[in-house]
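Okay, here's what each chain looks like letter by letter:
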Amino acid sequence: MSVSVLPARRPARWRLGSRQTNEAILGLVLVAPLMLWLASCILYPLVSAVNLSFQDVGIIGTGGSFVGLDNYAFILKSGGFWAALGRSVIWTVANGALQTVAAFVAALILKQHFRGQSIARVWVIVSWIVPTVVVAIIWRWILGTSGGIVNYLLLTLGVIPSPIGFFGTSNTAFASTILINSWRWFPFMTVIVLAGMQSIPEEFYEAASVDGASSWQKFANVTLPGLQPVLFVMGLIGTLWSVNVFDTIFLMTGGGPASASTTLPVFIYVTAFKGYQLSRAAAASVIVGLILVAFVLAFLRWMPSPTDEEAYR
Amino acid sequence: MSKRLFVFTLLIVLAAVTLVGCGGAQPTAAPAAPPPAAAPQATQPAPAASAPVKLTLWHMEQPDHRVKRFQELIDKFNAANPGIVVSQEVQNWNDIYTKAPAAVAAGNAPDLLFTTPDFTLLLQPLGAVQPVDDLVTEMDQAHHFYPAVITPFKYSGHVWAVPIWNMTHSLWYRKSVFKAAGIDKIETWDEWQAAAKKLTAEKQYGMGLPANKQMYTDQVVYDFMINSGAEEIYNKDGSVRFDNPKTVAALDAYSKLYQYSPPDSPSWTWGEAEACFDAKTCAMVLQFTVISTYDAAGGDPADLGVMAIPHAADVTQSGTMGAPNAVMVMTKDDAKKQAAYKFLRFILEPDNYGSLLTAEPALFLPLTEDGAKSTTFWNDPMTVKYRGQVEGMIGVSQNGKMYGFTSTNIFPSIAKISGENMFAQALQKVVIDKQTPAAAATWGQQLMMQTVEQ
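Residues numbered from 1 in each chain as written. Chains lettered and ligands numbered in written order. Predicted model: local features only at pLDDT ≥ 70, side-chain atom pairs only at ≥ 80, totals over all residues. Heavy atoms only, no water.

A.B. asks: Looking at this structure, how should I read the overall build of chain A?
C.D. replies: When its secondary structure is counted, chain A shows 16 helices and zero strands. A compact globule built from 313 residues should have a C-alpha radius of gyration of about 20 Å, whereas chain A, at 25 Å, is more than 25% larger. Dimensions of chain A, computed from C-alpha atoms along their principal axes, come out at roughly 85 × 75 × 35 Å. The buried share of chain A, reckoned over its 313 residues, is 43%. If you sum the accessible surface of chain A, you get close to 16900 Å²; carbon and sulfur atoms cover 71% of it. Charged side chains of chain A number 17 positive and 11 negative; the gap between the two group centres comes to 9 Å. (Helix = DSSP H or I, 4+ residues; strand = E, 2+ residues; numbered from the N terminus. Rg over C-alpha atoms; globule rule 2.2 N^0.38 Å. Buried < 20%, exposed > 50% of the residue type's maximum accessible area, 1.4 Å probe, protein only. Areas by Shrake-Rupley, 256 points an atom, 1.4 Å probe, with all protein chains shown as cover. Lys, Arg positive; Asp, Glu negative; His and termini not counted. Charge placed at Lys NZ, Arg CZ, Asp CG, Glu CD.)

Encoded structure:
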């Protein structure tokens, strides 16, 4: 039915000089720079990376020849890749859990009315504003064994007999980096969650109070469902961001000690620029990209979306 | 699925793909590199006679006082040579291994680039480095390079860089701390371990040793290998000989001393070791120098001790990791190349050379005989103040060796062995993963052999 209608309407809508046509052209003109930017900055490197992954380029600046799927086979057989994938999963889950809990706690506190609320709302975001390199330097000082404040306090209070090398052992280095990254990123989630909370009508809470709901029941039955659209987006985008974090890890530990904090982005960097295996790193990048696309599709398939009316009931 | 839901889903997938692209994309393939130039080539027309020749110099000496001293010398050269304008651009050692090949691929390489032996070996096969045999021969006749300093830059039938200064490790300590502990001198590893144990106290670690997967750790591991007699890492046929009893002994000695190091030393680079010594948290460190920071902290010159690195009982003479720095000429433009030669001749004139070396007092050591006598070097206030230590460092530097460049047989895989910090990785197997030194040496050998085969 619609097929028979469209040809009759199109000439009217797209007549040269008509208002609709002019608006459409203006829209295209306005969006064109962004599309060109996306094509040049993202699409081109993506295509280049795929192309590179089928060659045998080692050092940047050298040529390569076509090797088919050899690089993919090498990466998939590499113990280093699977170990890095495992660490990336731990990294993502731990960061997601820590940041979500911290963001909810902070947002719930900041939602309350108290003196200095405005200052607190600005102050909480400071750690997110600070450049990563500064964060890395600050935390290396704080956790250092030579004059680091944490070791000093623990020693002074008699909690530990000797300084802890937070970046000195495999477990403490990775855990410390996760904590620092969560500290850096939870303010961003706090702001998003707080904005979501403020969009929930106050009447819902008043109605719940009339029904005799406890604080927990209000949180579980009003706040959480009301935040569902926000959590959906944050769950998806936050996971992708988290998997791709490179700067914090590389600046804090360089992927060490003994590769203990080498997640996938660090593995790819080290393969490309320390091991001079650019094509293999490109193959690893493509595999990681495919894993993340699979995650996105699974997330969309299995997680309740904001448009799912069931979620609002 | 409703139309709205479909559009929403599509947008989310596009956003996700975009994010994936942001995180995963790697630099693009570059065109094949030209073969190494065998002789100076003029691939671009020379600039008009009236236009000054502009030279860009990249170096990795970031501290302000070094940049300032470089600029003083550059200004002096530019003033004396109106037809040439040299400008410096400061890089850093962590990035340069990736940045320089990318710059070469993009056609944005500098005209002059500071280098080390392994870094030269990385760039030379890209066809980006010009041979400088003629200039090095001329400078050798004029200033007399020390015998071993040209060798690391000489292969494939040419010399690829002009040696500029040397940097070697020494063992740094405080004489008063040694005296209080009743330590006189340390020559062997057994004495070293006993001293470290004796010096370890409540607020002091006996020895500061790094265990980071980083160049500093590579260098210190190699200090131990040299002093164990394991300085050769290649056989004559290019195969790796890392897995041998002397390397095992070196890793074993390292791990025995490492127990007296601060617990955060797996994240150390040079700066942290120096800071540990300055804070008196470390009684001993292996470093190029600690003089600048020691002096800035108000240290007493008479109390600062420097000695050669102790050695295994079956080795008769101490050795040290020596990192000769040099300058590569990258430009293929003949006029620029002649200007670059003029600049390097200027730099190696003893007075200018002394000024250059004291860009970081008591760190950069002379590589030419007349440079070692330069009045500007010895009259520098810091050199005067720490003359005894500087003389000690120069003495130690006579036995400096660089991994992969100990013989005339130089193999390209050393660039990857160095770039991937394989010595440091092998050490981490011992001090972090708690493997035996023998197992770590075998593991390191396999890692290096894979690189050689590639």
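A.B. asks: Sorry if this is basic, but what is going on with the overall build of chain B here?
C.D. replies: Along chain B, the regular secondary structure elements total 19 helices and twelve strands. Burial status across chain B gives 58% buried among its 454 residues. For chain B, the share of sequence-separated contacts (at least 6 apart) that also reach a separation of at least 24 residues comes to 77%. Split by element, the accessible area of chain B, about 17800 Å² in all, is 55% carbon and sulfur. (Contact = heavy atoms within 4.5 Å.)

A.B. asks: So what exactly am I meant to see when it comes to the sheet that holds strand β2 (residues 84-90) of chain B here?
C.D. replies: Sheets are built from strands paired through backbone hydrogen bonds, the pairs being either parallel or antiparallel. Residues and elements named next belong to chain B. Spatially, five strands are ordered β2-β1-β3-β11-β6 in an open sheet, and the strand pairing comes out mixed. Two strands close off the open sheet at either side, each with one partner strand: β2 and β6 (162-165). Between one strand axis and the next, the sheet turns through 25° on average, direction left out of account. In this sheet, β2 lies alongside strand β1 (residues 53-59) in parallel orientation, the contact comprising seven bridges. (Pairing = 2+ DSSP bridges. Axes fitted to C-alpha atoms, helices over the stretch in contact; angles between N-to-C directions.)

A.B. asks: Teacher, can you tell me more about the packing of aromatic side chains here?
C.D. replies: Two aromatic rings are characterised by how far apart their centres lie and by the angle between their planes. Under the definition given, this model contains 40 aromatic pairs over all chains. Between the aromatic rings of F377 of chain B and W378 of chain B, the centroid separation amounts to 5.0 Å while the plane-to-plane angle is 85°, which identifies the pairing as edge-to-face. Here F377 of chain B and W378 of chain B have matching classes, each one buried. When the ring centre of F74 of chain A is taken as reference, the NZ or CZ atom of R280 of chain A above it lies at 3.6 Å. Lying over the aromatic face of W443 of chain B, K429 of chain B brings its terminal NZ or CZ to 4.6 Å of the ring centre. (Phe/Tyr/Trp six-rings, centres within 6.5 Å; stacked < 30°, edge-to-face > 60°. Lys NZ or Arg CZ within 6 Å of the ring centre and 35° of its normal.)

A.B. asks: Please explain the state of the cysteines as it appears in this structure.
C.D. replies: All names here are of chain B. One pass over the full model with this rule turns up one disulfide over all chains. Here C276 connects covalently by a disulfide to C282, the sulfurs 1.9 Å from one another. Residues C276 and C282 are joined by a disulfide whose S-S torsion is about 80°; by sign, that bridge is right-handed. Both residues of the pair, C276 and C282, belong to the buried class. (Disulfide = S-S within 2.5 Å.)

A.B. asks: Would you mind showing me how to read the packing of helix α4 (residues 79-111) of chain A against helix α14 (residues 264-274) of chain A here?
C.D. replies: Each pair of packed helices gets described by two things: the angle between the helix axes and the distance between those axes. Residue and element names in this part refer to chain A. With their axes 8 Å apart at the nearest point, α4 and α14 run at an angle of 150° to one another. Residue-level contacts link G80, F81, A84, L85 and S88 of α4 to L264, P265 and F267 of α14. Here the contact of α4 with α14 is built from residues that sort into six nonpolar, two polar and no charged. (Nonpolar A, V, L, I, M, F, W, Y, C, P; charged D, E, K, R; others polar.)

A.B. asks: Mind showing me how you'd approach the packing of helix α2 (residues 64-80) of chain B against helix α13 (residues 350-357) of chain B here?
C.D. replies: Residues and elements named next belong to chain B. Viewed as axis vectors pointing N to C, α2 and α13 meet at an angle of 155°, and their least axial separation amounts to 9 Å. Viewed along their axes, α2 and α13 adopt a mutual orientation that is roughly antiparallel. The two elements α2 and α13 cross, and the hand of that crossing is left-handed. For the pair α2 and α13, contact is made by R69, F70, L73 and K76 and by N352, S355 and L356, respectively. (Parallel < 35°, antiparallel > 145°, perpendicular 65-115°, else oblique. Left-handed = near helix turned anticlockwise from the far one by under 90°.)

A.B. asks: What's the story with the nonpolar core in this structure? I'm lost.
C.D. replies: A general feature of soluble globular proteins is that nonpolar side chains tend to end up buried together. Formed by 148 residues in total, the largest nonpolar core has its most connected members in L113, W192, F224, M284 and F423 of chain B. Ranked by residue count, the leading element in this core is helix α12 (residues 334-348) of chain B, at eight residues. Not counting chain neighbours up to four residues away, the residues in contact with F224 of chain B comprise W189, W192, L209, A250, A253, Y254, L257 and L286 of chain B. One finds I249, A281, A282 and I287 of chain A within the second-largest nonpolar core, a separate group that totals 37 residues. (Core = buried A, V, L, I, M, F, W, Y, C linked by side-chain atoms within 4.5 Å.)

A.B. asks: Hey, could you run me through the pairing of strand β9 (residues 304-307) of chain B in this one?
C.D. replies: Both faces of the sheet carry side chains from a regular strand, because those side chains alternate between them. Residue and element names in this part refer to chain B. Of the two faces of β9, the one carrying L304 and V306 and the one carrying G305 and M307 are both buried. In this structure, strand β7 (residues 170-174) lies alongside β9, joined through four bridges in antiparallel fashion. Paired with Y173 across the two strands is G305, which belongs to β9.

A.B. asks: Where do I start with a nonpolar patch on the surface in this structure?
C.D. replies: Residue and element names in this part refer to chain A. Among the surface-exposed residues, V133, V134, I137, I138, W141 and L251 lie close enough to one another that they form a single nonpolar patch of about 550 Å² accessible area. By residue number, the principal contributor to the nonpolar patch is helix α7 (residues 132-143), which donates five residues. Note on placement: V134 falls in helix α7. (Patch = residues over 30% accessible without salt bridge, like charges linked within 9 Å, V, L, I, M, F, W, Y side chains within 5 Å. Salt bridge = Lys/Arg side-chain N within 4 Å of Asp/Glu carboxyl O.)

A.B. asks: What am I meant to see in the environment of N352 of chain B here?
C.D. replies: Residues and elements named next belong to chain B. With respect to the element layout, N352 can be found in helix α13. Here the alpha-carbon distance between N352 and L171, two residues 181 residues apart in the chain, equals 29 Å. If we skip the residues at most four places from it in the chain, N352 touches L73, K76, F346 and I347.

A.B. asks: Would you explain unusual backbone geometry in this entry?
C.D. replies: Trans is the prevailing form of peptide bonds, just as negative phi is the prevailing case for residues other than glycine. The omega torsion of the bond from G256 of chain A to P257 of chain A falls at -5°, within 30 degrees of zero and hence cis. Mapped onto the elements, P257 of chain A comes out in the loop between α13 (247-252) and α14. In this structure, S259 of chain A is a non-glycine residue whose phi angle is positive, near 65°. When you line up the elements, S259 of chain A lands in the loop between α13 and α14. Residue class for S259 of chain A comes out partly exposed when judged on its relative accessible area of 29%. Of note in this structure, N421 of chain B is not a glycine but carries a positive phi near 50°. Here N421 of chain B lies in the loop between α17 (413-419) and α18 (422-431).

A.B. asks: Could you clarify how one ought to interpret the confidence of the model for chain B in this entry?
C.D. replies: Detailed reading of the predicted model is not advised wherever pLDDT is low. Residues and elements named next belong to chain B. Of all residues in chain B, 89% attain a pLDDT of 70 or more, and the chain-wide mean is 87. Across residues 13-48, where pLDDT falls below 50, the model places 80 contacts with residues more than four positions away in sequence or in other chains. ipTM for the predicted complex: 0.71, alongside a pTM of 0.77. (pLDDT = per-residue confidence, 0-100.)

A.B. asks: Sorry if this is basic, but what is going on with the sheet that holds β7 of chain B here?
C.D. replies: Residue and element names in this part refer to chain B. With antiparallel pairing, three strands are arranged side by side in an open sheet as β8-β7-β9. Edge positions in the open sheet fall to β8 (284-287) and β9, since each of these has one partner strand only. Direction aside, neighbouring strands of the sheet carry axes that sit 30° apart on average. With four bridges joining them, β7 and β8 adopt antiparallel strand pairing. Bridge assignment links S170 to a residue of β8, and that residue is Q287.

A.B. asks: Would you mind showing me how to read α14 of chain A here?
C.D. replies: For an α-helix, 3.6 residues make a turn, and residues three or four places apart therefore share a direction. α14 of chain A sits mainly inside the fold: ten of its eleven residues count as buried. All of the buried residues in α14 of chain A are L264, P265, V266, F267, I268, Y269, V270, T271, A272 and F273 of chain A. In this fold, the buried residues of α14 of chain A make contact with α3 (70-77), α4, α12 (228-243), α13 and α15 (278-302) of chain A together with α3 (93-106) of chain B. The first or second residue beyond α14 of chain A is Y276 of chain A, which carries a positive phi of 50°.

A.B. asks: I tried to follow α3 of chain A on my own but got confused; where do I start?
C.D. replies: All names here are of chain A. What α3 keeps buried is the set N71, Y72 and I75. Looking straight down α3, one finds that the buried residues subtend no more than 100° of arc, so they occupy a single side. Packing partners of the buried residues in α3 comprise α2 (19-53), α4, α14 and α15. (Arc of directions from axis to C-beta.)

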